[in-house]
Amino acid sequence: MKPILPYMETSRLILRELKRSDETDLFEYAKLPNVGPLAGWEPHQKISETTDFINYAIRKKDYSQPGVYSIIYKENMKMIGTIEIHSYKEQKGAIGFVLHPDYWNKGLITEASKAVIIYGMEILELKRLEYVHFPHNLASKRVCEKLGFIFEGVLRNKYLMFDGTVYDDVVYSITDLDYKNDKLPWVKRFKKDLFIDY
């Protein structure tokens, strides 16, 4: 059975499936030099590259992946980023996200991630959820710590960038036992403001 991608709302955000109509908003931040490289991809030069990415993301569901969420900021109903559980197979997956720099430092990616962690643990019934970032991405490190991910180690020379640079990967995880045994103190409080439609 293919995994579902339910519509979700938090206090400030809507998370819904990425659509082709998100192209303009996505290109707005995907072309910036300080966005893609933090996640391992080259900034988009043309909107056609953004179109190709959206088509690729939509096709993920054909390969038994949950799919990609658009992050919609309720205050202005703008699509400001994406978040997903990728590399999904049986009991495990990895969380990944990108956010428009105009919306950094507002706690929005932490808010979106909390919703996706609950989705991953309760609907996909994951046994393990990974989180990986480059060593120099300190903002992602802070998000990871806020969410309660457990540091596991560093995979040396793991990721080959588009420009030939090779980076280490810093690896964290949450397991189903962490989740069920209340190792994530934010979950119960956050669920009070979370709406999931599936």
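Structure: above.
Residues numbered from 1 in each chain as written. Predicted model: local features only at pLDDT ≥ 70, side-chain atom pairs only at ≥ 80, totals over all residues. Heavy atoms only, no water.

**Overview of the overall build of the protein**
Within the protein one finds 7 helices and 9 strands. Relative to a compact globule of 198 residues, whose C-alpha radius of gyration would be 16 Å, the protein shows 16 Å and is just as compact. The principal-axis extents of the C-alpha atoms in the protein amount to approximately 45 × 40 × 35 Å. Within the span of the protein, comprising 198 residues, buried residues form 48% of the whole. Partitioning the intrachain contacts of the protein with sequence separation of at least 6 by distance along the chain shows that 66% fall at a separation of at least 24. (Helix = DSSP H or I, 4+ residues; strand = E, 2+ residues; numbered from the N terminus. Rg over C-alpha atoms; globule rule 2.2 N^0.38 Å. Buried < 20%, exposed > 50% of the residue type's maximum accessible area, 1.4 Å probe, protein only. Contact = heavy atoms within 4.5 Å.)

**Observations concerning the packing of aromatic side chains**
For the coordinates displayed, the defined rule picks out 11 aromatic pairs. Where Tyr7 meets Phe195, the ring centres are 6.4 Å apart and the plane angle is 70°; that geometry is what we call edge-to-face. Of the two residues, Tyr7 sits in strand E1 (residues 7–9) while Phe195 sits in strand E9 (residues 195–197), which places them 188 residues apart along the sequence. The class for Tyr7 is partly exposed, based on a relative accessible area of 29%. (Phe/Tyr/Trp six-rings, centres within 6.5 Å; stacked < 30°, edge-to-face > 60°.)

**Considerations on the packing of helix H1 (residues 23–30) against helix H3 (residues 47–59)**
Two packed helices can be described by the angle between their axes and the distance between those axes. Here H1 crosses H3 at 115°, and the two axes come no closer than 9 Å. One way to sum up the angle between H1 and H3 is to call them roughly perpendicular. As H1 runs across H3, the sense of the crossing is right-handed. Residue-level inspection shows Glu23, Thr24, Leu26, Phe27 and Ala30 of H1 in contact with H3, the latter providing Ile47, Thr50, Thr51, Phe53 and Ile54. Considered class by class, the residues forming the contact of H1 with H3 number 6 nonpolar, 3 polar and 1 charged. (Axes fitted to C-alpha atoms, helices over the stretch in contact; angles between N-to-C directions. Parallel < 35°, antiparallel > 145°, perpendicular 65-115°, else oblique. Left-handed = near helix turned anticlockwise from the far one by under 90°. Nonpolar A, V, L, I, M, F, W, Y, C, P; charged D, E, K, R; others polar.)

**Re the pairing of strand E7 (residues 150–160)**
Of the pairings in the sheet, the one linking E7 to strand E8 (residues 166–175) comprises 7 bridges and is antiparallel in character. Counted as the bridge partner of Leu155 is Asp169 from E8. Taking the residues that link successive antiparallel strands as the turn, the E7-E8 hairpin has 5 residues, and the phi of Gly164 there is positive, at about 95°. (Pairing = 2+ DSSP bridges.)

**Re helix H4 (residues 108–122)**
With 15 residues, H4 extends 21 Å from end C-alpha to end C-alpha; this agrees with the ideal 21 Å at 1.5 Å per step. Counting buried residues in H4 gives 14 out of 15 residues, a clear majority hidden from the surface. (Expected span 1.5 Å × (residues − 1).)

**Re the pattern of salt bridges**
As enumerated under the stated definition, the model contains 14 salt bridges in all. Across the salt bridge formed by Asp182 and Lys188, the nearest N and O atoms sit 3.9 Å from each other. For Lys188, a relative accessible area of 58% translates into the label exposed. Linked through salt bridges whose partners overlap, the residues forming this network are Asp25, Glu28 and Lys78. (Salt bridge = Lys/Arg side-chain N within 4 Å of Asp/Glu carboxyl O.)

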